[in-house]
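Descriptive analysis of the structure
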Amino acid sequence: MFGNERGGVVGSSTYWRVWEEAREYALPPGRVDSLLTGRPYDLRHACITRWLNAGVPIAEVARRVGNSPEVIHRRYHGCIDGHEEAASAKIAKVLEEEGDAA
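Below is a summary of the structure that appears in this document. (Residues numbered from 1 in each chain as written. Predicted model: local features only at pLDDT ≥ 70, side-chain atom pairs only at ≥ 80, totals over all residues. Heavy atoms only, no water.)

Observations regarding the packing of aromatic side chains
Summed over all chains, the structure comprises 0 aromatic pairs. Here Arg64 stacks its cationic end above the ring of Trp51, 5.9 Å away from the centre of that ring. (Phe/Tyr/Trp six-rings, centres within 6.5 Å; stacked < 30°, edge-to-face > 60°. Lys NZ or Arg CZ within 6 Å of the ring centre and 35° of its normal.)

The structure is reproduced here in structure tokens:
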């Protein structure tokens, strides 16, 4: 995503140093030392978890974060628990509204 002054890859030590400095400017004071801001990846993980818990379809989450649905399902399967019941309720509601209830 970012290149160094010679067009190469930014070194990990530089990346982490910049992240440490940027957190204080980019985040609210109560979040600077949060466990979710220890690494940039932690923010990504929290975002994916939040979207899945909100009921965003796995395929859409995968598209937005650049992963396959299989990867999202495998890594975040705990966030998806309970979604089957919600999907079944939606299906039952539509069938009932259309007069197709079993």
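Section: the nonpolar core
Considering soluble globular proteins, one finds that nonpolar side chains tend to be buried as a cluster. Among the nonpolar cores identified, the biggest contains 8 residues, and these are Ile48, Leu52, Val61, Ala62, Val65, Ile72, Tyr76 and Cys79. Those elements that provide at least two residues to this core are α2 (40-53) and α3 (58-65). Among the elements that make up this core, the one with the highest residue count is α3 (3 residues). Apart from the residues lying within four places of it in its own chain, the contact partners of Val61 are Ile48, Trp51, Leu52, Val56 and Ile72. (Core = buried A, V, L, I, M, F, W, Y, C linked by side-chain atoms within 4.5 Å. Buried < 20%, exposed > 50% of the residue type's maximum accessible area, 1.4 Å probe, protein only. Helix = DSSP H or I, 4+ residues; strand = E, 2+ residues; numbered from the N terminus. Contact = heavy atoms within 4.5 Å.)

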